[in-house]
Amino acid sequence: MLSVAHLTSVHQRHDSRVFLKECRGLASRGVDVSLVVADGQGDARQDGVSIIDVGRASGRLDRMFRASRRVYKAGAKLDADIYHLHDPELLPFGLLLKRNGKTVVYDAHEDVPKQLLAKPYLGPRRLKALANSYALFERFAARRLDGIVAATPSIGGKFRLLNERTAVVNNYPLVDELFSDASWSRKTNTVCYIGGISAARGIRELVAAMEHVRTPVRLALAGRFSGAGLESEVRSMPGWARTDSLGFLDRNGIRELLGRSVAGLVTLHPTPNHLESHPIKLFEYMSAGIPVIASDFPLWRRIIEDADCGFCVDPADAVAIAGRIDRLVTDREEARRLGENGRKAILERYN
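Residues numbered from 1 in each chain as written. Predicted model: local features only at pLDDT ≥ 70, side-chain atom pairs only at ≥ 80, totals over all residues. Heavy atoms only, no water.

Below, the discussion takes up the sheet that holds strand β12 (residues 263–266). Strands sit in the order β11-β10-β9-β12-β13-β14 across an open sheet of six strands; the sheet is parallel. With partners counted over all chains shown, the strands left at the sheet margins are β11 (243–245) and β14 (310–313), one partner each. Across the sheet, the axes of successive neighbouring strands diverge by a mean angle of 25 degrees, strand direction being ignored. Judged from the two bridges that link them, strand β9 (residues 190–194) and β12 form a sheet pairing that is parallel. Bridging across to β12, valine 191 finds its partner in alanine 263. Sitting on the sheet, helix α13 (residues 318–330) touches β9, β12, β13 (292–295) and β14, and the angle it makes with β14 is about 170 degrees. (Pairing = 2+ DSSP bridges. Helix = DSSP H or I, 4+ residues; strand = E, 2+ residues; numbered from the N terminus. Axes fitted to C-alpha atoms, helices over the stretch in contact; angles between N-to-C directions. Contact = heavy atoms within 4.5 Å.)

So this is what it looks like as structure tokens:
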């Protein structure tokens, strides 16, 4: 039997791309699948996938260096036929696996050099030097691996120049996973944001928008803050009085939240990595049948206008975000129509 080991030191064991789609998809086709993680929740077996936990990382440096090494060592012990890597920190270990005769595939979830340019903890000159250095190593490694799986067409285009065995597997949702058939008459005055919470993902502007809304609407946040300092800052903003922080939700919790929400928000800042991304939350909102309020990026605008499933706004304009929220809360019929259009686009194309 073919054996495949998925390795990640970053993602949670139930990550929608890694576990729900890729690992379970392989297991359902008779492949012996293992998933090595570093989340501290212990070993398990679920849906035909053996989950091996090497212990939770204690911080960014531990994750990048020690946790990734622990993941590699645990993966190497499996002696799998194919290794599928999900984090840039694991690329050096991918080269070690190649040296030991293994077949190695790298799953490029993000355009990492562009992502590095948006990191807040280094100055612009250091960020540029770091991004350029990583890009050189990424090119070196990509040419030597057996294949690349890219999460978006733009990432795939970059890697295809380095490795002809590159496949684009868009991070589209499972059609019915988050869909609730609850009537629109049962919706509450709630708009939601699902995912990691950071400044670059627009949290300050979302909370500020709640100062300007005229309807009795609340913002529900489902995700973890990137830092205690940022969380303390936004909690002190006036708009926090109309914000509910729900923390990390499992998939059932997300489905319930989407089922009672009038709209989903994805107002990320125009960082180089975001401009050409296909954010999973955008498509998950559509799959749940609720309209989206999204950043006015050319790629996102084309998707939303083609599907007629929501509105694009300037992500830096809290007043504009508030205006779109109020429109959807006030006009439930329009909100329902836009949500149904998004759901239709998922059923026909984005799945």
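Now that the structure has been shown, we can carry on.
One finds Leu258, Tyr285, Met286 and Ile325 to be the most contacted residues of the largest nonpolar core, which totals 63 residues. Once residues within four sequence positions are removed from consideration, isoleucine 325 is found in contact with Val191, Met210, Val213, Val217, Leu265 and Ile293. Ranked by size, the runner-up nonpolar core spans 33 residues in total, among them Ala80, Leu97, Ala141 and Ile148. (Core = buried A, V, L, I, M, F, W, Y, C linked by side-chain atoms within 4.5 Å. Buried < 20%, exposed > 50% of the residue type's maximum accessible area, 1.4 Å probe, protein only.)

This paragraph deals with the sheet that holds strand β7 (residues 147–150). Ordered in space as β3-β4-β2-β1-β5-β6-β7-β8, the eight strands form an open sheet in which the pairing is mixed. Only two strands of the sheet have a single partner each, and these edge strands are β3 (44–46) and β8 (166–168). Sheet twist, expressed as the average angle between the axes of neighbouring strands with direction ignored, equals 20 degrees. Bridge count for strand β5 (residues 82–85) against strand β6 (residues 103–108) is four bridges, and the pairing is parallel. Note on β6: the bridge partner recorded for leucine 85 is tyrosine 106.

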